[in-house]
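# Results of the structural survey
Chain by chain, the residues:
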Amino acid sequence: MTTPGVDDAVQEKPEKEPVTERRLHPITPLRRAWAPVAVVIGWAVHDPDQTQRQLTRLTTTTLLIALAVIVPAAALYGFLTWWFTHFAVTDTELRIRTGLLFRRTAHIRLERIQAIDVTQPLLARVAGVAKLRLDVVGTDKKDELAFLGEREARALRAELLARAAGFAPETAHEVGEAPARELLHTPPRDLALSLVLTGATWGSLVAALVVPPLLWMATQSAWTVLATALPLLGAAGASSVGRFVSEYDWTVGESPDGLRIDHGLLDRSHETVPPGRVQTVRIVEPLLWRRRGWVRVELDVAGSSNSVLVPVAPREVAEAVVARVLPGVTVPPLSALVRPPRRAGRCVPVWWRGYGLAVTDSVFAARQGLLRRTLALVPHAKVQSVRLTQGPWERLWRVADVHVDTGANKTVTARLRDAQEAAELLKAQAERSRTGRKGARPDRWMV
């Protein structure tokens, strides 16, 4: 016996459309073909003496035969890994299927995506391809799609963000990338001058020039000098040339899906600061920057590696950008920061003058540092826990530290506050955090 209308309803129910899987750009095998070659190079570097002995035993014919085997094997490996890598976008998730011998399928739910960055290393820019890197809530390692055509990468990014925002699959393709309004652009001249005026740059350079000669006079060992000089030179280069190359042409724009950051001289990066995911903003003011009124703005973003918002800018411009990333938050002026009591100098001589605290209706602001001032801003809604600590020496002088923990596993500390003030601050901050979360912005795209 059949129920009237049931068969008709089953027949009328539309079948679910099959998921269309796509492959990466055909240039991807060239990137992956380096893996077998890297293994051989790694073995040679690990035991150079054994490698040299083996090479002296090989004849020209043997070397040619080895190359004739290794090169096609590397090419075949690259091709097969590309052939067995697919990705697909469904109504609810992004699937990435990889693996030649051992299969792995990553199911990335669209509502868990909090940022999608488009990066282009130098060779990728020449080839016209790009890499998509995805920040997903609850994961430390970024999933990536490398490589896609540049247009395809940007279109896929826009589609994923549109679907994550709740657009229907049939209209997500038409949404496209949301327009951006430029908020800040860092001139290369200002960036170069700021690096020259940074103490870390000169400190690394002086150490690289002074320490190796002293070691040579003490040990007369070239290996010891090289083992020390190379890391010091690398640190000096990373803090000066490396930062200039990485932060070149820094541009911050505002769009419905968050603040967009474009930068890079050789490798271009197109990053996004997710809305509602910023836990802490730090305004850094090195000593030699104060005459020019420059500051640097750094971020703590939950589940993301984005850490720089503004590499260098006038304070007024930087505070305007901070107001966009933390809506409703006003940076407290220096006059509003209250120092610890004078007896705190018994715990931390001299440097206690660099500590300060200001609590407004929207933010917990703590400052530290005399030569390199850092003002940390934590919106009340982002505070996960509040702690009070007091060592024996601090108890003697009736001061205490108040620690504010955020969702990015970071802590902002108000140092050496009066003990009674710290106890009252502990209770009041817990209440501000509870009420602040009720009016917090949703951690969603394009909301």
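Preceding block: the structure.
Now for a look at the structure at hand. (Residues numbered from 1 in each chain as written. Predicted model: local features only at pLDDT ≥ 70, side-chain atom pairs only at ≥ 80, totals over all residues. Heavy atoms only, no water.)

### Brief notes about the sheet that holds strand E3 (residues 104–109)
Stated formally: In this description, strands pair whenever DSSP reports at least two bridges between them. Helix and strand assignments follow DSSP, with helices taken as H or I runs no shorter than four residues and strands as E runs no shorter than two, numbered in order from the N terminus. Note on method: axes are straight lines fitted to C-alpha atoms, helices fitted across the in-contact stretch only, with angles between N-to-C directions ranging 0 to 180 degrees. Contacts were defined at the residue level, with two residues in contact if any of their heavy atoms lie within 4.5 Å.
An order of E1-E2-E3 is seen for the three strands of this open sheet, with the pairing classed as antiparallel. One side of each edge strand has no neighbouring strand; the edge strands of this open sheet are strand E1 (86–89) and E3. In this sheet, adjacent strand axes meet at a mean angle of 10° when their direction is disregarded. Here helix H7 (residues 150–164) sits on the sheet and contacts E1 and strand E2 (93–98); the angle it forms with E1, its principal contact strand, is near 40°.

### A few points about the nonpolar core
Short version of the rule: Definition used in this section: a nonpolar core is a set of buried Ala, Val, Leu, Ile, Met, Phe, Trp, Tyr and Cys residues joined via side-chain atoms within 4.5 Å. Residue exposure (1.4 Å probe, protein chains only): buried if accessible area is under 20% of the type maximum, exposed if over 50%, otherwise partly exposed.
Ranked by size, the top nonpolar core spans 30 residues in total, and within it Val273, Val278, Val281, Leu309, Val325 and Leu377 carry the most contacts. Sequence-distant contacts of Val281, that is, excluding residues within four places in its chain, are made with Val297, Glu298, Leu299, Val322, Val325, Leu326, Leu375, Ala376 and Leu377. Within the second largest apolar cluster, 23 residues are counted, among which are Leu94, Ile96, Leu132 and Val136.

### Description of the sheet that holds strand E4 (residues 113–120)
Pairing is antiparallel in the open sheet, where seven strands are placed in the order E6-E5-E4-E10-E9-E8-E7. Both outer strands of the open sheet, strand E6 (143–149) and strand E7 (181–185), are each paired with one neighbouring strand and no more. When strand polarity is set aside, the average angle formed by the axes of neighbouring strands in this sheet is 20°. The sheet contacts of helix H12 (residues 315–325) involve E7, strand E8 (251–255), strand E9 (258–263) and strand E10 (268–273), and relative to E7 the element is tilted by about 140°.

### A closer look at the packing of aromatic side chains
The criterion, for reference: Aromatic pairing here means that ring centres of Phe, Tyr or Trp (its six-membered ring) are within 6.5 Å. Orientation follows from the plane angle: under 30 degrees is stacked, over 60 is edge-to-face, and everything else is tilted. In our convention, an over-ring charge means Lys NZ or Arg CZ found within 6 Å of a ring centre and within 35 degrees of that ring's normal.
Per the counting criterion, the structure on display carries six aromatic pairs. Lying over the aromatic face of Trp82, Arg23 brings its terminal NZ or CZ to 5.8 Å of the ring centre. Between Arg23 and the ring centre of Trp83, over which it is positioned, the NZ or CZ distance is 3.7 Å.

### Considerations on the pattern of salt bridges
A side chain with one charge may pair with a side chain of the opposite charge, provided their charged atoms come close. Heads up, the condition is: Definition used for salt bridges: Asp or Glu carboxyl oxygen within 4 Å of a side-chain nitrogen of Lys or Arg.
In this structure the tally under the stated criterion is 19 salt bridges. Between Arg296 and Glu247 there is a salt bridge, with the nearest N and O atoms lying 3.3 Å from each other. Residue Arg296 is located in strand E12 (residues 294–301), and its partner Glu247 is located in helix H11 (residues 222–247); the two are separated by 49 residues in the primary sequence. Neither residue differs from the other here; Arg296 and Glu247 are each classed as buried.

### Concerning H11
Formally: In this scheme, a helix's expected span is set at 1.5 Å multiplied by one less than its residue total. A residue's bend is the angle separating two fitted axes: one through the seven residues that end there, the other through the seven that start there.
With 26 residues, H11 ought to run about 38 Å at 1.5 Å a step, and its terminal C-alpha atoms sit 35 Å apart, in line with that. Of all bends in H11, the biggest is about 45°, found at Ala238. Inspection of H11 places Val225, Ala229, Ala236, Ser239, Ser240 and Glu247 among the buried residues, and these make up the whole buried set. Tucked inside the fold, the buried residues of H11 contact helix H9 (188–196), helix H10 (199–219), E12 and strand E13 (308–314). Note on H11: the residue one or two positions beyond its end, Asp249, has a positive phi of about 55°.

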